[in-house]
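Breakdown of the fold
Listed below are the residues making up each chain.
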Amino acid sequence: MSNKREEARRRREALLHRNENPFGRFMRRYKVLVIVLAILVILCGVIIFLLTRSKPEPDMGGYDFDVTMEPEDENEINAGGEENIEDITAAEDPIDELEGLGDDPTKDKGYKHYLLLGLDGLTGGFKGKRSDAIMIASVNQKAGRLVLTSIPRDTYVYIEGKGYDKITHAYAYGQAQLTVETIENNFDIDIENYFTINFDGMEKLVDLVGGVPMTLTQAESNNIRDFFGVPGTRAGDNLLTGVQALTYCRVRMIDSDFKRTERQYKVLMALYDKAKTMSPTKYPELLKTVYDYLYTDATISDCIGLATDVMGMGIDSMENVLLFSNDNGAGKMINGIYYFVPHDLEQTIREWRKTLGVEDYEPSEALKTYSDYLKSR
């Protein structure tokens, strides 16, 4: 009799187990689903907040080619030991011959190009401010490629209405719009949208995420402390504060503008890595800081499309390319001012397109004209 009761008890327990176990599994899955949905809601809220509050730059009232430039941080010269810098007294640029040549930029099949500009402060408004960081983000969703191409700020380019000058000065003359036109004309591409961020904002973002890890050389640490007057760094591993990270991005006197571009990229990626680990509770403050210092001509639809493409690929797969180097250009003193002058602009742009995987690129007549002119410098 006891055996029958024991068998009945086991059957009841087995039945209860069969009834409860699926429900238990369902509850566990439900909890996971709720957590995932909560994360998605937070992320969607973050994106919507940012996109709906993005804004264009204030209208400066047209281009101003008479604007007075503020002094360069390092005396208008690359003091980092560029060898054999040629000193040239340049003739006046043939503006009339070059005007309007770049009105039909090339579209690269499969790619969308976005212009990213970093400004070194906006105290006193936009006039006279230069773009200290200039990058092109090239997105090919089908190929799964996100390529960030950096352009040295001293690059000698044609600025429509002004003549040849440093590419960084295009922003001072006409803000992002003239910079977009200059990039399109000289590098033969079509820019979808621009995104401009004030580096003062980057300083606050770095502090907000708790600093960024960075390994400094002795020369970098010394320059940050002695030239810029910012204490607290050392050779080796550092956790940079906002002001230290911003200063690190400005260092070029010890080497070159190319190295400064690399430093800017390192800080950008370190900031991204730290932001990924932030608690969602800090997102509103992070986004408010971004909003206060970010300007763009992109619409909500544009941003959603870009975000969809990038999230589909993952920003961790981003490639970094430096458009110019000492192999395809040289520093020259022209009328007493330092510029980086490409040796063969047409060939450089051809090679850049190959890097992007664009095999059927043909340079425009405008690019060929600009390239021929630069060869004569």
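This section reports on the structure supplied with the text. (Residues numbered from 1 in each chain as written. Predicted model: local features only at pLDDT ≥ 70, side-chain atom pairs only at ≥ 80, totals over all residues. Heavy atoms only, no water.)

As enumerated under the stated definition, the model contains nine aromatic pairs in all. Ring geometry for F187 versus F324: centroids 6.1 Å apart, planes at 55 degrees, classification tilted. Pair noted here: F187 is in helix 3 (residues 169-187) and F324 is in the loop between strand 11 (319-322) and strand 12 (329-334), with a separation of 137 residues, a long-range link. We classify F187 as buried; its relative accessible area is 1%. Plain terms: the ring middles of F227 and F228 are 5.0 Å apart, the flat faces sit at 80 degrees to each other, and that makes the pair edge-to-face. Looking at F227, the relative accessible area reads 35%, which means it is partly exposed. Of the aromatic side chains, those joined through ring pairs into one cluster are Y156, Y158, Y164, Y339, Y370 and Y373. (Phe/Tyr/Trp six-rings, centres within 6.5 Å; stacked < 30°, edge-to-face > 60°. Helix = DSSP H or I, 4+ residues; strand = E, 2+ residues; numbered from the N terminus. Buried < 20%, exposed > 50% of the residue type's maximum accessible area, 1.4 Å probe, protein only.)

Quick look at the pairing of strand 4 (residues 145-150) now. Taking burial as the measure, the six residues of strand 4 include six buried ones, the bulk of the element. Residues R145, V147 and T149 line one face of strand 4 and the alternating positions L146, L148 and S150 line the opposite face, and both faces are buried. Linking strand 3 (residues 131-140) back to strand 4 in an antiparallel pair, the connection comprises four residues, with G144 at a positive phi of about 70 degrees. In the sheet, strand 4 pairs with strand 11 via four bridges, with the strands oriented parallel. Each residue of the ladder has a partner; that of S150, found in strand 11, is L322. (Pairing = 2+ DSSP bridges.)

This part takes up the pattern of salt bridges. All chains considered together, the criterion is met by 13 salt bridges. When the shortest N-O distance is used, the salt bridge between E220 and R263 registers 2.9 Å. Taken together, the residues span a long stretch of sequence, with E220 in helix 5 (residues 218-226) and R263 in helix 7 (residues 257-276) at a distance of 43 residues. Of the two residues, E220 and R263, neither departs from the other in class, the shared state being buried. For K375, the salt bridge goes to D344, with nearest N and O atoms at 3.7 Å. With K375 in helix 11 (residues 365-375) and D344 in the loop between strand 13 (337-342) and helix 10 (345-356), the pair connects residues that are 31 residues apart, well separated along the chain. (Salt bridge = Lys/Arg side-chain N within 4 Å of Asp/Glu carboxyl O.)

Right, let's talk about helix 11 for a bit. Of the positions making up helix 11, those classed as buried are A366, L367, Y370, S371, Y373 and L374. In an axial view of helix 11, the angular spread of the buried residues amounts to 160 degrees, which keeps them on one side of the axis. (Arc of directions from axis to C-beta.)

Purely geometric numbers; function is a separate question.
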